[in-house]
Amino acid sequence: MDQVIGSTKPDSPDMAAAPAVERGRFIKNAWYVGLWASELPAGTLVPQTILSEPVVFFRKQDGTPAAILDRCAHRFVPLSMGTLVPGDRVQCPYHGLEFGADGRCMNNPHPPGTIPTAAHLPSFHVVEKHSMIWIWMGDKPADPSLIPDYSCLETSPAIHITDPGYLSIKANYELIANNLLDLSHVVYVHGGILGSPGLEQSDIKLETHGDVVTVNRFVKDVETPGMFQMMAPEGYERGDSFTSISWYAPSNLLLKTGSCKTGQPQESGTGYWGIHLLTPETERTTHYRYSAVRWNVMTQGDEKNEQIRQKIGELRTFAFADQDAPIIEAQQRRIVASTTKLEPALLAIDAGPVRCRRILDRLLLEDR
């Protein structure tokens, strides 16, 4: 384990110059979330662009998910405009060619019915796990054990889990990950909801376990952020606030955050797990899926907890869609518009994003 405690200095090895996000930084041999499982009903064809590649998802007759290239090999029509036919096949809407879950062309309805080798399409490894459809876009062996642990989505009562969320963000996935790893911006961007005055003064603790980077922040005796006041009984209006967010290369994150009474163990308080799933669509657009799962729930009654469940979902969506996204998208536009190479000034709060950047650089070289 490599660990840095306290404020990381800008001139430390981890804070070496990190250029602005450039084009084409996609790791193909990695797990990405293609869809929430609920987004893929049986009998449907669901298109998604992932790493700039068109993909069509569907369920086979046994219910397991499959994904192939969403582009017919004949005239390049999107197969997602077609239909599912018996035998777990996707029929092209243009000339009726049929493709199996492995991407192979299984039927050419036009005499003499010859199927040229060029008619076969790529298929992708897919796994349904933790209420999500995961996809592996590369050609190296796909190991499901490498999927991050989001089992809280399956083991917690439904009344403590927010509805699965989705946003299309017009920005590169690295910019969004940097935003999530930056625990200081909540004071300025999400004041009153997720942040409170004084949080920006707390020290940062940075940990690395293999290719997993975790940024921790703890602040003692502050006004409890509004969301956590809502989740706690009386007596929690002020206390210790804490946040820990882990980044799993290349683009999935898990947050644990909450509040407790001043000086008490963190586990004696309450909070939620925040699920953040970033899937690059293109170099400048990202599929952003998210949810939240409460831990150590203190509030009583199904009606009360359902109200809190819905409110957490609303506040988080507002924070992402109306507060974070406009800033990140404007940041992306400024980067694209620059006529010179950008080298960002680095602060101590950038230790987490810079550490992740270094891991991404290494993984990109290995991927190629």
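In what follows, the accompanying structure is described. (Residues numbered from 1 in each chain as written. Predicted model: local features only at pLDDT ≥ 70, side-chain atom pairs only at ≥ 80, totals over all residues. Heavy atoms only, no water.)

**Here we look at the pairing of strand 11 (residues 132–136)**
Part 1: For strand 11, the tally of buried residues reaches five of five residues, placing the bulk of the element in the interior.
Part 2: Neither face of strand 11 is open: one carries Met 132, Trp 134 and Trp 136, the other Ile 133 and Ile 135, and all of them are buried.
Part 3: Where strand 2 (residues 31–36) meets strand 11, five bridges bridge the pair, whose relative direction is antiparallel. In the strand pairing of strand 11, Tyr 32 is matched with Ile 135.
Part 4: As judged from the five bridges shared by strand 10 (residues 123–129) and strand 11, these two strands associate in the antiparallel manner. Following the sheet pairing, Glu 128 is matched in strand 11 by Ile 133.
Part 5: Counting the residues between successive antiparallel strands, the hairpin from strand 10 to strand 11 contains two residues, one of them, His 130, with a positive phi of roughly 55 degrees. (Buried < 20%, exposed > 50% of the residue type's maximum accessible area, 1.4 Å probe, protein only. Helix = DSSP H or I, 4+ residues; strand = E, 2+ residues; numbered from the N terminus. Pairing = 2+ DSSP bridges.)

**Here's the deal with helix 2 (residues 173–181)**
Part 1: Burial analysis of helix 2 places eight of its nine residues in the buried class, which makes it a mostly covered element.
Part 2: All of the buried residues along helix 2 are Tyr 173, Glu 174, Leu 175, Ile 176, Ala 177, Asn 179, Leu 180 and Leu 181.
Part 3: Between the side-chain oxygen of the N-cap and the backbone nitrogen of Glu 174 there are 2.8 Å, and the N-cap of helix 2 in question is Asn 172. (Polar contact = N/O pair within 3.5 Å; in protein donor to acceptor, adjacent residues only side chain to side chain.)

**Here's the deal with the sheet that holds strand 3 (residues 46–50)**
Part 1: Here we have six strands laid out as an open sheet, ordered 2-11-10-5-4-3, and antiparallel in their pairing. Both outer strands of the open sheet, strand 2 and strand 3, are each paired with one neighbouring strand and no more. Adjacent strand axes in the sheet meet at a mean angle of 30 degrees, parallel and antiparallel pairs treated alike.
Part 2: With five bridges connecting them, strand 3 and strand 4 (residues 53–59) associate as antiparallel partners. (Axes fitted to C-alpha atoms, helices over the stretch in contact; angles between N-to-C directions.)

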